[in-house]
Amino acid sequence: MMQQVLDRNARIAIVHDWCPDFRGGERVLARLCRIFPNAEVFTLFDFLTPEIKAEHFPGVRFHTSPANRLPMVRRYYRSLFFLCPFLIEQFDVTVYDAVISSSAAFARGVITRPDQPHLSYVHSPVRYAWDEQFSYLAQGRLGWGPKGLLCRYLFHRLRSWDTRTANGPDLMLANSSYVRGRIGRIYGRSAEVVHPPVDTDHLPYVSKKSDHYVAASFLAPYKRTDLVIEAFNAMPQRRLVVIGDGQQSSALRRLAGPNVEFAGFLPRADYVQTVASARAMVFAGCEDFGIALAEAQACGTPLVAFARGGAADIVAPLGRAPRPTGVLFRRQDVAAVIEAVERFETEGGAITPQACRDNAMRFSEQRFDEEIAEAFARLAVQIASH
């Protein structure tokens, strides 16, 4: 199908916010580079290892901002968010046949020609500038002192830029129904939902589960792994394995009781095996989509998840779906997590690993490729006809 609708010789600029590691956004980026083999990547910061580049981005040329050359910038690049709108506007992509932005913050604001197709795949409107601003300020203990006031003002400036550039893309794709709703409320634009690609073909299906639960994510405040740990502290008879690393790692380790084990960052094979053998994955954050959640389902692992965000698209909820694949809870607090886990323990027999696996097939890489190709082809025809 793609061979028919795409010009394989087209020069495509793919603009991605930044590449600190190979996580969900970078997996989408890698897939886009496979769909468009002549694409070049423009990203503010690139910290990917040569090994990751060789495996996932063979032959792809990366362009970075001047800030990528600052000394030890990997330690503080997130604090440079107030410069990122300016920096993204300095990428000259006007010589390319088309532009695709992979954006959770800044990439969507790249400057394009009026006749240049711009397809924007939106992971999220910039979280900390909009509805999650207050959560970020609270978790960073930023009140009304000088630092807190400065952050609030910079968020205000970022919102102004974000709104001004919202009409730049010709077509917006949202990675979930939740993000589509945020795009409508914040930008006043409609968006189509194209779920991210999940490598279902290479994820093992495991029907016999161990006794451990798993929480797997980058350990950032908005992931709310703290709620999961506190809930399992109150359920000492249940074992939790926490996979991942991040700025909250030390604080979460201090919070954890003896029934909570930290695996840290795991190689891919070990990560998949730990998730595939888990009794269930527990997630209390509000994720825009949550590729890790869909991957768990592909392994036959049920989900116990907060009902807001991408989880609402992924989980077939117990009590409502004919073939349930998890339990959703509607309050983002410790008591709700405990209640959901206990419900899974008593009623989870209705959730089968095969139902979870079948549910995840909706998110395959082939489906993503076809939907992106169709949207791009439709956009190219639309621009050419004007």
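Residues numbered from 1 in each chain as written. Predicted model: local features only at pLDDT ≥ 70, side-chain atom pairs only at ≥ 80, totals over all residues. Heavy atoms only, no water.

Q: Outline the confidence of the model for the protein chain, listing residues and values.
A: Per-residue pLDDT for the protein chain averages 94, and the proportion of residues at 70 or more is 97%. For the stretch residues 1–6, pLDDT sits under 50, and the model shows 13 contacts to residues farther than four places along the chain or on other chains. (pLDDT = per-residue confidence, 0-100. Contact = heavy atoms within 4.5 Å.)

Q: Quick rundown of unusual backbone geometry? Include the residues and the values.
A: Of note in the backbone geometry, Met72 takes a positive phi value of approximately 50° without being a glycine. Tracing the sequence through the fold places Met72 in the loop between strand E3 (62–64) and helix H4 (84–88). Here Met72 falls in the exposed class, since its relative accessible area comes to 55%. (Helix = DSSP H or I, 4+ residues; strand = E, 2+ residues; numbered from the N terminus. Buried < 20%, exposed > 50% of the residue type's maximum accessible area, 1.4 Å probe, protein only.)

Q: Could you give an account of helix H11 (residues 291–298), naming the residues involved and the relevant values?
A: Burial analysis of H11 places 7 of its 8 residues in the buried class, the great majority of the element. Taken as a whole, H11 has its buried residues at Ile291, Leu293, Ala294, Glu295, Ala296, Gln297 and Ala298. Check the buried side of H11 and you find it contacts helix H2 (24–35), helix H10 (268–276), strand E11 (280–283), strand E12 (303–306), helix H12 (311–314) and helix H14 (353–360). Where H11 terminates, the next one or two residues include Gly300, which has phi positive at roughly 85°.

Q: Please give an account of the sheet that holds strand E6 (residues 171–174) that cites residues and values.
A: If you walk across this open sheet you meet the 7 strands as E3-E2-E1-E4-E5-E6-E7, and the pairing is parallel. Of all strands in the sheet, those bounded by a partner on one side alone are E3 and strand E7 (192–193). Bridge count for strand E5 (residues 118–122) against E6 is 4 bridges, and the pairing is parallel. Residue Tyr121 lies in a different strand from E6, and its bridge partner there is Leu173. Sheet contacts for helix H7 (residues 177–187): E5, E6 and E7; angle to E6, the most-contacted strand, approximately 135°. (Pairing = 2+ DSSP bridges. Axes fitted to C-alpha atoms, helices over the stretch in contact; angles between N-to-C directions.)

Q: Residue-level account of the sheet that holds strand E8 (residues 212–216), with values.
A: Strand order in the open sheet made by the 6 strands is E10-E9-E8-E11-E12-E13, with parallel pairing throughout. At either margin of the open sheet sits one strand with a lone partner, and together these are strand E10 (260–264) and strand E13 (326–329). Put simply, the sheet's adjacent strands are angled 25° from each other on average, direction ignored. The strands touched by helix H13 (residues 334–347) within the sheet are E8, E11, E12 and E13, with E13 carrying the most contacts at an inclination of about 155°.

Q: Pulling in residues and values, what's your account of the pattern of salt bridges?
A: Oppositely charged side chains are able to pair whenever their charged atoms sit close together. For the structure on display, the rule yields 23 salt bridges. In this structure, Glu40 engages Arg11 in a salt bridge whose closest nitrogen and oxygen atoms are separated by 3.8 Å. In this pair, Glu40 sits in strand E2 (residues 40–43) while Arg11 sits in the loop between helix H1 (2–5) and strand E1 (12–16), placing the two residues 29 residues apart along the sequence. We classify Glu40 as buried; its relative accessible area is 14%. A salt bridge links Arg378 to Glu374, with the nearest nitrogen and oxygen atoms 3.0 Å apart. Residue Arg378 and its partner Glu374 are located together in helix H15 (residues 365–384), separated by 4 residues, close to a single helical turn. A relative accessible area of 33% places Glu374 in the partly exposed class. One continuous salt-bridge network, built from bridges that share partners, spans Arg238, Arg279, Glu342 and Glu345. (Salt bridge = Lys/Arg side-chain N within 4 Å of Asp/Glu carboxyl O.)

Q: Give me H2: which residues, what numbers.
A: Relative to the 16 Å expected for 12 residues at 1.5 Å per residue, H2 spans 17 Å between its end C-alpha atoms, a close match to the ideal helical length. Among all positions of H2, only Glu26, Val28, Leu29, Ala30, Arg31, Leu32, Cys33 and Ile35 are buried. (Expected span 1.5 Å × (residues − 1).)

Q: Report on a nonpolar patch on the surface, specifying residues and quantitative values.
A: On the surface, Leu70, Met72 and Tyr76 cluster together into a nonpolar patch covering about 280 Å² of accessible area. Mapped onto the elements of the fold, Tyr76 is located in the loop between E3 and H4. (Patch = residues over 30% accessible without salt bridge, like charges linked within 9 Å, V, L, I, M, F, W, Y side chains within 5 Å. Areas by Shrake-Rupley, 256 points an atom, 1.4 Å probe, with all protein chains shown as cover.)

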